[in-house]
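# Structural description and commentary
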Amino acid sequence: MPKALIIGGGVAGPATALFLQRAGWEVEIFEAHSAPDPFGGLFLNVATNGLAVLDQLGLRERLVADGHLCPRMVMVSGRGRPLGVVPNGPAADPDRGSVVVRRSWLHEVLHDAVVAAGIHHRFGARLLRVEEHADRVVAHFADGSTASGDVLVGADGVGSVVRTTIDPDAPPPASSGLISVGGFSRVPGLAPTPGEQYMVFGARSFFGYLVRDDGTVYWFANVTDRNATRDDIRAVSDDEWLRRLRVLHADDPQPVPRILDHVEGEIGAYPLADLTHVPHWHRGRLVAVGDAVHATSPSAGQGASLALEDAISLARHLRDDVDHEQAFAGYESDRRPRAEEVVAYARAVNRNKRVTKSRLGVALRDAMLPLFLRNAASDTRNDHLYNHVIRW
């Protein structure tokens, strides 16, 4: 029985492991973190296409059970003027939309499925280097342990060690000029937003929120900052982020200021970055999937779903193709055009989120947005992003 070593226990790694086990592979997952982070990553959108992959794993219903069904995005100007409603899914079938879930819940659903399948998932295993041989690959970890297999799958995120092992000259992630800051709130009297997520194009920062049936508010802000590094962002305390956000959104329509006045728990902050074109997705017995090879900003709502698509595509090729080299080539050929299209689409969306210091620039953005959004609401040209289904 062939064996796959999977580096990374987020979304792409466990999903790949589950599909590979179905294909008759022995699989082992190695995660650098010492334990699952219950707060890590706040929340994310699982698009219609990602739900289709989870459905084939028998996990869709469990995930949706603790999600906020969100087929519509309501756009609002910084002055409270309605700008339009955009489908969070195929425009031709707006009710067949996406779901917003805590990232930790998606991880838990996948991890529980891995455990139930009897797949070994080791935490605290940080990859240091990879040793390649003619007939196997050996992974060396920071704790001194090693593991060997027939192939190694890099599902280790935007800072992937596997990507730079495949190609030491691989381009680094490119900054979007935006920082994503977010968390959870409970605002007395604030009504739920069933089926909807609100997006506010503020004069000084972009803000999004939804209210679950139990009153929990999921919120985020995209703060324009072209110069901040990841270390700069980590150095800012939660209290300081709240102070800055309250200033940036002080003039925005309610309930934005009230949401920021009732934050509960931790705040997450990280730079929005992407990978537009990684020249090499595989080499020898190594291959990369998910954010490790085509990280996209959350603005397209497709990061987790692309990772799930990668998982089923790669496993299907390893099941059906003559050998791993043919499988890796077929996987990349299938996935690269679609992934790069989504990354480019998210970049285009980010341009509307960045805020210029010029009042004229903000005025022009606000004047053009209603037309753009009206077109987006009925434009079916992007429906293929959601209707893409890979059958096992």
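The coordinates are above.
Quick caveat: nothing in here was measured; it's all calculated off a predicted structure.

Moving on to the overall build of the protein chain. What the protein chain contains, in helices and strands, is 13 helices and 19 strands. Compactness check: the protein chain gives a C-alpha radius of gyration of 21 Å against a globular reference of 21 Å for 392 residues, within 12% of the reference. Sequence separation of at least 24 residues holds for 73% of the intrachain contacts in the protein chain that already meet a minimum separation of 6. For the protein chain, the exposed area adds up to about 16,800 Å²; of that, 51% sits on carbon and sulfur atoms. Looking at the protein chain, you have 42 positive and 48 negative side-chain charges, and the mean spots of the two groups are 6 Å apart.

The next point concerns the sheet that holds strand 11 (residues 146-149). Strand pairing in a sheet relies on backbone hydrogen bonds. The paired strands run either parallel or antiparallel. Strands sit in the order 9-10-11 across an open sheet of three strands; the sheet is antiparallel. Edge positions in the sheet fall to strand 9 (127-132) and strand 11, since each of these pairs with one other strand and no more. The sheet shows a mean angle of 20° between the axes of neighbouring strands, taken without regard to direction. Bridge analysis of strand 10 (residues 137-141) against strand 11 gives four bridges, and the strand direction is antiparallel.

This model, assessed by the stated rule, comprises 20 salt bridges. Taking the shortest distance from any N to any O, the salt bridge between R212 and D66 comes out at 3.2 Å. Placement of R212 in the loop between strand 15 (206-211) and strand 16 (216-224) and of D66 in the loop between helix 3 (60-65) and strand 4 (68-70) is noted, with a sequence separation of 146 residues between them. We classify R212 as buried; its relative accessible area is 14%. The partner of R338 in a salt bridge is E309, with the nearest N and O atoms 2.7 Å apart. In this pair, R338 is assigned in helix 11 (residues 324-353) and E309 in helix 10 (residues 303-320), connecting sequence segments 29 residues apart. For the pair R338 and E309, one class covers both residues: buried. Shared partners join several salt bridges into a network, and the residues in it are E309, D310, R335 and R338.

Okay, the environment of A339 next. Its place among the elements puts A339 in helix 11. Taking relative accessible area as the criterion, A339 reaches 0% and is therefore assigned buried. Expressed as a C-alpha distance, the spacing of A339 and H294, which sit 45 residues apart in the sequence, is 6.4 Å. Residues contacting A339, with those up to four places away along its chain left out, are W281, H294 and L306.

So, on to the environment of A300. Residue position: A300 is located in the loop between helix 9 (291-294) and helix 10. By relative accessible area, A300 is classed as buried at 8%. In the structure, A300 is positioned 258 residues away from L42 in sequence and 17 Å away in space, judged by C-alpha atoms. Contact partners of A300, with chain neighbours within four places excluded, come to V342, Y345 and A346.

This paragraph deals with helix 4 (residues 103-116). Compared with an ideal rise of 1.5 Å per residue, which puts 14 residues at 20 Å, helix 4 spans 20 Å between its outermost C-alpha atoms and is within 8% of the ideal. By the burial criterion, the buried members of helix 4 are S104, W105, L106, V109, L110, A113 and V114. Positive phi shows up at G118, right after helix 4, with a value of about 80°.

Two measures define how a pair of helices packs: the angle their axes make with one another and the distance between the axes. For the pair helix 1 (residues 12-22) and helix 10, interaxial distance at closest approach is 8 Å and the crossing angle is 30°. Between helix 1 and helix 10, the crossing angle belongs to the class labelled roughly parallel. For the pair helix 1 and helix 10, the sense of crossing is right-handed. Two secondary-structure elements touch here, helix 1 through A12, A15, T16, F19 and L20 and helix 10 through A307, L308, A311, I312, L314, A315 and L318. Residue classes in the contact of helix 1 with helix 10 are distributed as 11 nonpolar, one polar and no charged.

Cut-offs and rules
Residues numbered from 1 in each chain as written. Predicted model: local features only at pLDDT ≥ 70, side-chain atom pairs only at ≥ 80, totals over all residues. Heavy atoms only, no water. Helix = DSSP H or I, 4+ residues; strand = E, 2+ residues; numbered from the N terminus. Rg over C-alpha atoms; globule rule 2.2 N^0.38 Å. Contact = heavy atoms within 4.5 Å. Areas by Shrake-Rupley, 256 points an atom, 1.4 Å probe, with all protein chains shown as cover. Lys, Arg positive; Asp, Glu negative; His and termini not counted. Charge placed at Lys NZ, Arg CZ, Asp CG, Glu CD. Pairing = 2+ DSSP bridges. Axes fitted to C-alpha atoms, helices over the stretch in contact; angles between N-to-C directions. Salt bridge = Lys/Arg side-chain N within 4 Å of Asp/Glu carboxyl O. Buried < 20%, exposed > 50% of the residue type's maximum accessible area, 1.4 Å probe, protein only. Expected span 1.5 Å × (residues − 1). Parallel < 35°, antiparallel > 145°, perpendicular 65-115°, else oblique. Left-handed = near helix turned anticlockwise from the far one by under 90°. Nonpolar A, V, L, I, M, F, W, Y, C, P; charged D, E, K, R; others polar.

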